[in-house]
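Fold and geometry: a report
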Amino acid sequence: MTTITETKLEFTKLGSRIGAEIRGLDLGAELSPDTIAQIREALNVHKALVFREANVRSDEDQVRFAGYFGPLTKAHPTVASVDGKPAVLPVDSENGSANNWHTDVTFVVNPPQASTLRSITLPAYGGETLIASSAGAYRDLPDELRNFADTLWAIHTNDYDYSVPKNLEHANAEERRKEFTRIHFETAHPVVRVHPLTGERGLFIGGFAQRLRIVGLSNTESRDILRLLQAYVTRPENVVRVDWEPDQLVLFDNRITQHYAPDNYDGQPRKLNRVTIAGDVPVGVDGRSSTAIKGDSSTYSETVVLH
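First things first, this report covers the structure right here in the doc.

Rules and cut-offs
Residues numbered from 1 in each chain as written. Predicted model: local features only at pLDDT ≥ 70, side-chain atom pairs only at ≥ 80, totals over all residues. Heavy atoms only, no water. Helix = DSSP H or I, 4+ residues; strand = E, 2+ residues; numbered from the N terminus. Pairing = 2+ DSSP bridges. Axes fitted to C-alpha atoms, helices over the stretch in contact; angles between N-to-C directions. Buried < 20%, exposed > 50% of the residue type's maximum accessible area, 1.4 Å probe, protein only.

Observations concerning the environment of Arg 223
- With respect to the helices and strands, Arg 223 occurs in helix H7 (residues 219-233).
- Note: C-alpha distance between Arg 223 and Ala 209 (14 residues apart in sequence) is 9.5 Å.

Encoded structure:
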């Protein structure tokens, strides 16, 4: 029988700019509106929350928890879900590692507002997840560069150019690539996104933006500027390194973070399951909203309006 959790939550900071954790909060139980509100507020402040000993033992538990924060997306616009569970995406080392900095599914016009990851199979060492604050990166920019970034728009796409050397590719990389790009998406997003709940500004770039260009600039100019801005996102001050334990769940704000999963576990099995929460259309500093160029994301996710 489920119980209502009535607890004043005490999150411990993992870094000054991003990350906090709590141990022993029973996410397998039904959560009260007050507890959900506390988690939402903590997410606004810390950007990434680590729940250890969370009692989230099944996909159903994870789906229920994610659903407290809004309607769920499908698992992915192009990649298959866990069998019979349309909202659950397997993040499995057998399919390769996400060892590039990215924000989830920014190639659609309405990317998820937040993502949850749940530990299932962990390597004996390595396998962490790095999460970076794009708000911290924006604040670090010199005034002149910040003002310039405020004016920029970038094209995000899932149609990768896959520059990984062949000898470093995963065994089924070609098959995975075909699945990932079976529907071609392109979307124009502001390089600086205004968070709909906090009003914070963050650099909204990452791996899916790196593949194309900044609107109005050449490919060479775009790569140089994106590389410069991305270097601020991944400064150590802006990054929290999450070590995985059994029965752990991580919730991070997809609107104002990037993440990276280092391939540092020597081919051992590593499996997480991901459930994402439907998001709003990004808005830039000038109040303009993102626009879809190619691909229809309406069957992947509804668009929510957040106040």
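Resuming the write-up.
Overview of the sheet that holds strand S9 (residues 153-157)
- With respect to topology, three strands assemble into an open sheet ordered S9-S10-S17, the strand pairing being antiparallel. Unpaired on one side and paired on the other, S9 and strand S17 (291-294) mark the two borders of the sheet. Each neighbouring strand pair of the sheet contributes to a mean axis angle of 30°, computed without reference to strand direction.
- Looking at chain direction, strand S10 (residues 186-190) and S17 are connected through three bridges and run antiparallel. Considered in S17, the bridge of Glu 186 is made with Lys 294.

Considering unusual backbone geometry
- The backbone of Lys 47 sits at a positive phi, close to 75°, despite the residue not being glycine.
- Here Lys 47 lies in the loop between helix H1 (33-46) and strand S5 (48-52).
- Of note, the phi angle at Asp 247 is positive, near 55°, even though the residue is not glycine.
- Mapped onto the secondary structure, Asp 247 falls in the loop between strand S13 (239-242) and strand S14 (249-253).
- Using a relative accessible area of 18% as the deciding quantity, one classes Asp 247 as buried.

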